[in-house]
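Chain by chain, the residues run as shown.
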Amino acid sequence: MTRDRTVLALLVVVAVLLAAGPFLPRWMISLFNVSMGYGIVVLGMMLLMRTGLVSFGHGLYYCLGAYAAGMIDQIWNVSDMLAMIGGGIVVTAVVSTILGFLLSKYREIFFAMLSLAFSMILYGLLVKSASLGSTDGFNVAAKTLAGMDITGKGLRLTVYSVTVVVMGIAALLLHRYLASHRGRLAGAIRDNELRVEYMGASVRATVHVNYVISAVLAGIGGALMAINIGHIDPEMTYWPQSGEFVFIAILSGTASVFAPLGGALVFETVRSFAYEYSPNTWQMVLGITMLVVMIFLPGGLWSLFTRKKVAA
Amino acid sequence: MAVILDAKGLNKTFGAVTAASDINVAVEQDSVVGLIGSNGAGKTTFINMVTGYLKPSSGSIHFDGRNITALSPRQITRLGICRSFQIPQLYNTMTVHENLLVGVGIVAAAGNAWGGAHSAAYSDPEKAVDAMLEEFGIGAYRNRDAGLLPEGTRKLLDIAMAMVVRPKILLLDEPTSGVSADEKFSLMDCVMAAVREHKVTVLFVEHDMEVVERYTHRVLAFYEGRIIADGEPAVVLDDVEVRKFVIGDHAPAAASGGGHA
Amino acid sequence: MTEFVAVLVDGIVYASWLFIIAVGLTLIYGVMKILNIAHGSLYALGAFAAVSCANAWFAQGYAAMGSFAMLAVAAIAVALVFAPIIERGLLRHMYGKDEVVLVLVTYALFLILEDFIKLVWGVDPLFVQGPNYETPYSLLGNFDVAGLTYPNYNLLLVGVAIVAGLALAWALNRTRSGKLLLAVIHDREVSAALGINVGRMYFVTFTIGAFLAALGGALTAPTVSVVTGMGAEVIVMAFAVVVIGGLGSLPGAALGALIVGMVRAAAVHYAPEVELFSVYFVMAAVLIARPKGLFSGAEVRKI
């Protein structure tokens, strides 16, 4: 067995990000926080895509994770960061397990459309829920971390550090999963479901499990984003948000867990600069980028790094 | 010899079309059975029913004394019946090695639920896969994407993928179709060696009468959904009806049917 | 009773509006297998172009009734300008790719066109309105049903929807080109091999679809404030319609539009808090009961 270089690289990245935290300028911390939140969601999209599925409604879980994080404060007065993330995980796991029984039967455009319908149902509910601020949403704040007070000056850095660690764990676990026998079934299902069944594995069960994992990742991303930005609203489950996740996943490619994380960083960087310098054309920039990537780099940006290896 | 597969009174209709009509077959353990018949005679329908892809309209199928008529392909695979396909069903974007590794992984992960012996044999998955590649003589293609293989190799990989889940019965759907004339015997030799090694009962659909004569102990001739002859190859291939409806030549059968497509 | 009539009328008007937009979407999907997210942008472009055309007309002091012609002109202009750019310039190179990839291509287009609209028309709300506050919406007068008053403009929407549906059905089933198109829908490769100019069929289909989207937008413009983002709202509703009816089905789009129209109208009157929710709830329910929509073809066996 050769040492797994991805694991090592992940540990190095996490260590460097943690060490660099105190020295990073404010804007960069914000950029990284948002990128990592998105990155975790897109890790889930990557798993779905490896299984051959594209969801146009993953905003559902992103939003649920965020609202779960915000609502445990509203309902039980719990504002511990870990509890908020945990809330996001529990809610998304439960909802995706239930919806997964239905969605695991669907493929291609029909999977995309049913996912879309579910996310829009949540949108329809939230915009009419006056107690949750309707279209305005509400503010969220984490006050403690495992019991320690984190309010005040250090909050931003604490949120950053926790996000780095959570991202590291999520990426590591997903990487291990993808390399496992169960994880390898994802690609097999994408290529040939019939053969998977004729090899004695359940396509539906595997799709279901992968769907739940991807939903939980989206929920974690949503909870982190809620804590990081401090505000949540129903736009998180509106379809263009889901489209954005698909966008980043396509931009990134699915060959390595680093692809979605790097892709999210590239996306967020392009967006923040484009938004700053040309607020009315940033979507145009994104759209053109997406077309260029789809036409010239069908394997996503990540394929830029792996091309030589494939040729060899 | 013990009967391992017992199909009784199988009927299957698609609307007005009868694909199987009162099929009765008892297959003995360790035998090699050839299924012959022109296109649409019901051979593949029979395989599809045995492996659970199609449910018979009436009749029953027993495997090792157990009624499997209503089970799904997955359940039937796990009991020990697997199949290959006329058009190879591969994981085209994965390498040959990974194609088999998926199967090894499924068996290994199932653990004792799938017969402890296999999961023990697969305790080192990489080694198990390499041994299979060797067995089927496709080791040279180990790291090639399955979608980029020559047709003969695709066929072999397809059969290896059925064997990797360690079946007790293997059903082959036209193993030599699309394989060149000079490759067909080496392919079949290779498959039959693996089959004997693992003590697998084989049923295979074949249009090439040379192959049928050479490898089978018994031949079933299908015509319009019925079995019109059942017996030793020499007898069945010489049967008047079989020659008329299946082999399609009217010359004496002594000179073998040859490369009938 | 009055409430019931109101639901019925609102539902039919809303269904007509949805149908005009959704029928183009389902037509394009049926022929080209592209679920076109940019259909929402074409709708928005139609609305913005209508503002420009109609307001220019009013500004010239011409007869107000002519503004209706301007709405049509706007829709035609949008179709003639954008269909060639999008279909010939981009989509043509994408045929044969995975359906989901094609959806993403149109999503990229959607993003680009959203900003194009902002660049051309700005970000402030616009209205179809002459210098003396004349607008096509009120020009036609009103009609009464069960004591409720409705603008006749709504009848125009219903009329356009019926004409569009019948015209498409007639063209598909009764004309030579329509029959050729049905052949293309059934099997693209075989049709091409038989000498049917598939590329041209695609182009014409896309142009008609784009025109219907733009017409939907142009007819909507006088009834609302025309704002950026209106395409995003509409496209997802149109998806609901075509998915409920069955992707690529003409009668499916009509039935889907009626269902969504009625459900929404009923929700607005009886339970406004579930208005949006109800539409997507129906969409999910239909997909669960009939995964390929109400009007869908049979499965093909694989082995």
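Quick summary incoming for the structure in this document. These numbers were taken from a predicted model, which means no experiment stands behind them. (Residues numbered from 1 in each chain as written. Chains lettered and ligands numbered in written order. Predicted model: local features only at pLDDT ≥ 70, side-chain atom pairs only at ≥ 80, totals over all residues. Heavy atoms only, no water.)

## Overview of the nonpolar core
No. 1: Core analysis: the largest hydrophobic core is formed by 273 residues, its most contacted members being M81(A), W239(A), F136(B), Y280(C) and M283(C).
No. 2: Residues within four places of F136(B) in sequence aside, it is in contact with L156(B), I159(B), A160(B), M163(B), C190(B), V191(B) and A194(B). (Core = buried A, V, L, I, M, F, W, Y, C linked by side-chain atoms within 4.5 Å. Buried < 20%, exposed > 50% of the residue type's maximum accessible area, 1.4 Å probe, protein only. Contact = heavy atoms within 4.5 Å.)

## Points about the packing of aromatic side chains
No. 1: Under the defined criterion, the tally for this structure stands at 25 aromatic pairs over all chains.
No. 2: Ring geometry for Y198(A) versus F85(B): centroids 5.3 Å apart, planes at 75°, classification edge-to-face. In this pair, Y198(A) sits in helix α8 (residues 193-198) while F85(B) sits in the loop between β6 (81-83) and α3 (96-110), so the two residues belong to two different chains. The two residues Y198(A) and F85(B) agree in class, both being buried.
No. 3: Here the aromatic rings of Y95(C) and Y202(C) are separated by 4.8 Å at their centres, their planes lie at 85°, and the arrangement is edge-to-face. Linking Y95(C) in the loop between α3 (67-89) and α4 (99-121) with Y202(C) in helix α9 (residues 198-220), this pair joins segments that are 107 residues apart in sequence.
No. 4: The buried category is assigned to Y95(C), whose relative accessible area is 17%.
No. 5: The class for Y202(C) is buried, based on a relative accessible area of 3%.
No. 6: A connected cluster of aromatic rings, assembled from ring pairs, spans Y38(A), Y62(A), F245(A), F247(A) and F267(A). (Phe/Tyr/Trp six-rings, centres within 6.5 Å; stacked < 30°, edge-to-face > 60°. Helix = DSSP H or I, 4+ residues; strand = E, 2+ residues; numbered from the N terminus.)

## Remarks on the packing of helix α2 (residues 26-50) of chain A against helix α11 (residues 258-277) of chain A
Residues and elements named next belong to chain A.
No. 1: Look at α2 against α11: their axes get within 8 Å of each other, and the N-to-C directions meet at 135°. The angle between α2 and α11 falls in the class oblique. Taken as a pair, α2 and α11 cross one another with a handedness that is right-handed. Residues L31, F32, V34, S35, Y38, G39, I40, V42, L43 and M46 of α2 form the contact with α11, whose participating residues are P260, L261, A264, L265, F267, E268, T269, R271 and S272.
No. 2: Residues of the contact of α2 with α11, tallied by class, amount to 13 nonpolar, four polar and two charged. (Axes fitted to C-alpha atoms, helices over the stretch in contact; angles between N-to-C directions. Parallel < 35°, antiparallel > 145°, perpendicular 65-115°, else oblique. Left-handed = near helix turned anticlockwise from the far one by under 90°. Nonpolar A, V, L, I, M, F, W, Y, C, P; charged D, E, K, R; others polar.)

## Focus: the environment of D30(B)
Residues and elements named next belong to chain B.
No. 1: Note on placement: D30 falls in the loop between β2 (17-28) and β3 (32-36).
No. 2: When its relative accessible area of 34% is taken as the criterion, D30 is described as partly exposed.
No. 3: C-alpha of D30 to C-alpha of V200: the two residues are 170 residues apart in sequence and 5.9 Å apart in space.

## What about the pairing of strand β9 (residues 218-223) of chain B?
Residue and element names in this part refer to chain B.
No. 1: The buried fraction of β9 is high, at six of six residues.
No. 2: Going residue by residue along β9, you find R218, L220 and F222 tucked away on one face and V219, A221 and Y223 tucked away on the opposite face as well.
No. 3: Relative to β9, β3 runs parallel, the two sharing four bridges. When the bridges of β9 are listed, G34 appears paired with V219.
No. 4: Between the antiparallel neighbours β9 and strand β10 (residues 226-231) lie two residues, among them E224 with a positive phi of about 50°. (Pairing = 2+ DSSP bridges.)

## So, unusual backbone geometry
No. 1: A positive phi angle, close to 50°, is found at E174(B), a residue other than glycine.
No. 2: Tracing the backbone shows E174(B) in the loop between β7 (169-173) and α7 (184-197).
No. 3: Accessibility expressed as a relative area gives 7% for E174(B), which makes it buried.
No. 4: Although it is not a glycine, K33(C) adopts a positive phi angle of roughly 60°.
No. 5: As for its position among the elements, K33(C) is in the loop between α1 (2-32) and α2 (39-59).
No. 6: The class of K33(C) is partly exposed, set by a relative accessible area of 34%.

## Observations concerning α3(C)
The α-helix advances 3.6 residues per turn, and as a result positions three or four apart in sequence lie on the same side.
All names here are of chain C.
No. 1: Here α3 is 23 residues long and its end C-alpha atoms lie 32 Å apart, about the 33 Å a rise of 1.5 Å per residue gives.
No. 2: F82 marks the point of greatest bend in α3, at about 30°, and the proline P84 comes within the next four residues.
No. 3: Residues of α3 that are buried include every one of S67, F68, M70, L71, A74, A75, V78, A79, F82, A83, I86 and E87, and no others.
No. 4: Next to the buried residues of α3 lie α1, α2, α4, α5 (136-139), α6 (153-174) and α9. (Expected span 1.5 Å × (residues − 1). Bend = angle between axes of the 7 residues up to and from the residue.)

## Re the sheet that holds β3(B)
All names here are of chain B.
No. 1: Sheet architecture is open: six strands sit in the order β6-β7-β8-β3-β9-β10, paired in mixed fashion. Each of the sheet's edge strands pairs with one partner strand only, and the pair in question is β6 and β10. Strand after strand, the sheet turns through a mean of 15° between neighbouring axes, direction not considered.
No. 2: Note: β7 against strand β8 (residues 201-205), five bridges, orientation parallel. Within the sheet, the bridge partner assigned to L170 lies in β8 and is V202.
No. 3: Each of β6 and β7 touches helix α6 (residues 151-163); the most contacted strand, β7, lies at about 155° to it.

## Let's talk about the interface of chain C and chain A
No. 1: With 44 residues of chain C at the contact, the number on the chain A side is 40 residues.
No. 2: Between chain C and chain A, roughly 3800 Å² of surface is buried when both sides are summed, and carbon and sulfur atoms account for 81% of that area.
No. 3: There are one salt bridge connecting chain C and chain A.
No. 4: For E275(C), the salt bridge is made with K128(A), and the minimal N-O distance between the two is 3.7 Å.
No. 5: The interface formed by chain C and chain A contains seven residue pairs in polar contact (both at pLDDT 80 or more).
No. 6: At the level of elements, α4, α10 (230-245) and α12 (275-289) of chain C are the ones that each hand at least two residues to the side of chain C that touches chain A.
No. 7: For the side of chain C that touches chain A, the element with the highest residue contribution is α4(C), accounting for 16 residues.
No. 8: For the side of chain C that touches chain A, the per-class residue count stands at 35 nonpolar, no polar and nine charged. (Buried area = accessible area lost by both parts, 1.4 Å probe. Salt bridge = Lys/Arg side-chain N within 4 Å of Asp/Glu carboxyl O. Polar contact = N/O pair within 3.5 Å; in protein donor to acceptor, adjacent residues only side chain to side chain.)

## What to know about the pattern of salt bridges
Residue and element names in this part refer to chain A.
No. 1: Within the structure shown, the criterion is met by 20 salt bridges over all chains.
No. 2: For the salt bridge of D73 with K143, the shortest nitrogen-to-oxygen distance reads 3.8 Å. Of this pair, D73 sits in helix α3 (residues 59-76) while K143 sits in the loop between β1 (138-139) and β2 (144-145), and the two are 70 residues apart along the sequence.
No. 3: In this structure D73 comes out as buried when scored by relative accessible area, which is 18%.
No. 4: Ionic pairing is found between R107 and E193, a salt bridge with its closest N-O pair at 2.4 Å.

These results come straight from atomic positions and should not be treated as a statement about function.
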